[in-house]
Amino acid sequence: MEAIWKQASKLRDQVARQQQAVLKQFYGSDNVFTDETEVKQHQRLEKLYISTRAAKHFQRDIVRGVEGYIVTGSKQVEIGNKLSDDSQKYGAENTCTSGNTLSKAALAHGRARSLMEKERNNLLKALGTQVAEPLRAMVMGAPLEDARHLAQRYDRMRQEAEAQAIEVSKRQNKVRESVGNGELITKLEAAEHKLQELKSNMSVLGKEAVAAMSAVEAQQQRLTLQRLIAMVESERAYHQRVLQILDQLEGEMVSERQRIEASPNLPNENVMQPPPSYEEVNGMFGSPRVDELNESIEYFLAEAIQSYRAESEVELALSAGDIVVVRKLSNNGWAEGECKGKAGWFPHAYIEKRDRVLASKVAHIF
């Protein structure tokens, strides 16, 4: 409709100029409606109309873009919260027997992810309230429609004034052809009076329309720029907070990794050969592996430096700080000994030899 209105306005201007030229040629009149001030005012209104229309379309595009971003962002928040819950669940229910490093990392990741999704949700709310809603209100608001209504009223009055100017020119020619005709003179005077009224009203209305459209244009430019700045500031603040969260998370994970890498290398229970059975050690089956597995040593006392969880009936469970009587060592990483009245095998990397042991601890060995 706007394009049709603009095209129709151009066609009316062209037709009016052609009519004026024809009338001036045939009737010799100089009273045809050719006010330069009015022409400039009309051109000013056309430019304002085009400018405000383009700004309105841009505002509408921003609103649509922000609304789409909010929809997709809300889905991302939902997915991120699910990932956060899964990470924290694994960290809390960790069943790993060789350490809790991964569970700590999972808990930290889950907490950080939850914080990041809260920040994303705050960003989406800010974009909705600070960007989309104000621009939508202006696109649908009364000031723009009122200003356009004034411009359309001015355009209709301008057409009426152009037609009246042509009527005056015709009557002036008739009066010149019929000298002394009182009736024609009266009609000419009435037509000229009406034209003057139209010009006066059109001038006032045109000024009002220009003022209203100019005010709307300035408001569009100012408000749209403010909302764009608000959108950029909100996104910038969001990314800064997320970066802080990620920096802290990375620091925690890297610190944990460095702690593990700096700790003594303990045997991997998943790749170690199983401990020899008592039958093999005692030679009950005459196994050829006995000489390879068993090393004759003197008994010695040792202290468990890390807890060990027995996984079979031939293994001995240890707690950090336990004192063990070591009786045998094998060349595949296992040791056999007695602690707290029980005997069995355990990785000898979990113990350290002690030359002296407190008497209170020795009492708990047997």
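Cut-off values and rules
- Residues numbered from 1 in each chain as written.
- Predicted model: local features only at pLDDT ≥ 70, side-chain atom pairs only at ≥ 80, totals over all residues.
- Heavy atoms only, no water.
- UniProt positions renumbered as here; feature names shortened; annotations may be inferred.
- Salt bridge = Lys/Arg side-chain N within 4 Å of Asp/Glu carboxyl O.
- Helix = DSSP H or I, 4+ residues; strand = E, 2+ residues; numbered from the N terminus.
- Buried < 20%, exposed > 50% of the residue type's maximum accessible area, 1.4 Å probe, protein only.
- Pairing = 2+ DSSP bridges.
- Axes fitted to C-alpha atoms, helices over the stretch in contact; angles between N-to-C directions.
- Parallel < 35°, antiparallel > 145°, perpendicular 65-115°, else oblique.
- Left-handed = near helix turned anticlockwise from the far one by under 90°.
- Nonpolar A, V, L, I, M, F, W, Y, C, P; charged D, E, K, R; others polar.
- Phe/Tyr/Trp six-rings, centres within 6.5 Å; stacked < 30°, edge-to-face > 60°.
- Core = buried A, V, L, I, M, F, W, Y, C linked by side-chain atoms within 4.5 Å.
- Contact = heavy atoms within 4.5 Å.

The name recorded for the protein in an unreviewed UniProt entry is SH3 domain-containing protein, from Rhynchospora pubera. According to UniProt, the comment filed for the protein under the heading Subcellular location (unreviewed entry) is "Membrane".

Pairs can form between side chains of opposite charge whenever their charged atoms are close. This model, assessed by the stated rule, comprises 15 salt bridges. The partner of Lys75 in a salt bridge is Glu78, and the shortest N-O contact between them spans 3.9 Å. Taken as a pair, Lys75 and Glu78 lie in helix H2 (residues 36-92) at a separation of three residues, close to a single helical turn. One salt bridge in this structure joins Lys82 and Asp86, with 2.9 Å as the shortest N-O distance. Taken together, the residues Lys82 and Asp86, both in helix H2 and four residues apart, mark about one turn of the helix. It is possible to trace a salt-bridge network through shared partners that takes in Arg113, Glu117 and Arg120.

Across the eight residues of strand E3 (residues 323-330), six count as buried, placing the element largely inside the fold. The sheet contact formed by strand E2 (residues 300-304) and E3 spans four bridges and is antiparallel. Within the sheet, the bridge partner assigned to Glu303 lies in E3 and is Ile323. Across four bridges, E3 lies against strand E4 (residues 334-339) in antiparallel orientation. Directly across from Val326, in E4, lies its bridge partner Gly337.

With that settled, the discussion passes to the packing of H2 against helix H3 (residues 101-139). In the contact formed by H2 and H3, the axes pass within 8 Å of each other and the chain directions differ by 165°. Judged by the inter-axis angle, H2 sits roughly antiparallel to H3. In this structure, H2 meets H3 at a crossing whose hand is left-handed. A per-class count over the contact of H2 with H3 returns 20 nonpolar, 16 polar and eight charged.

Let us now look at the packing of aromatic side chains. Summed over the entire model, instances satisfying the criterion amount to two aromatic pairs. When the ring of Tyr308 is compared with that of Trp334, the centres are 6.4 Å apart and the planes differ by 75°; the resulting orientation is edge-to-face. With Tyr308 in the loop between E2 and E3 and Trp334 in strand E4, the pair connects residues that are 26 residues apart, well separated along the chain. Take Tyr308 and Trp334: they sit in the same class, and that class is buried.

This brings us to the pairing of strand E5 (residues 342-347). Relative to E5, E4 is paired through six bridges, and the arrangement is antiparallel. Bridge pairing in E5 links Cys339 to Lys342. With antiparallel pairing between neighbouring strands as the criterion, E4 and E5 make up a hairpin whose turn holds two residues, including Lys340 at a positive phi of roughly 55°.

Ile62, Val66, Leu127, Val131, Leu135 and Met231 are the most contacted members of the largest nonpolar core, which totals 18 residues. For this core, the secondary structure elements donating two or more residues are H2, H3 and helix H5 (182-262). Discounting residues that sit within four places of it in the chain, Val131 has contacts with Ile62, Val66, Ala126, Arg227 and Met231. If you look at the next biggest cluster of nonpolar residues, it comprises 17 residues, including Leu144, Ala151, Ala161 and Val216.

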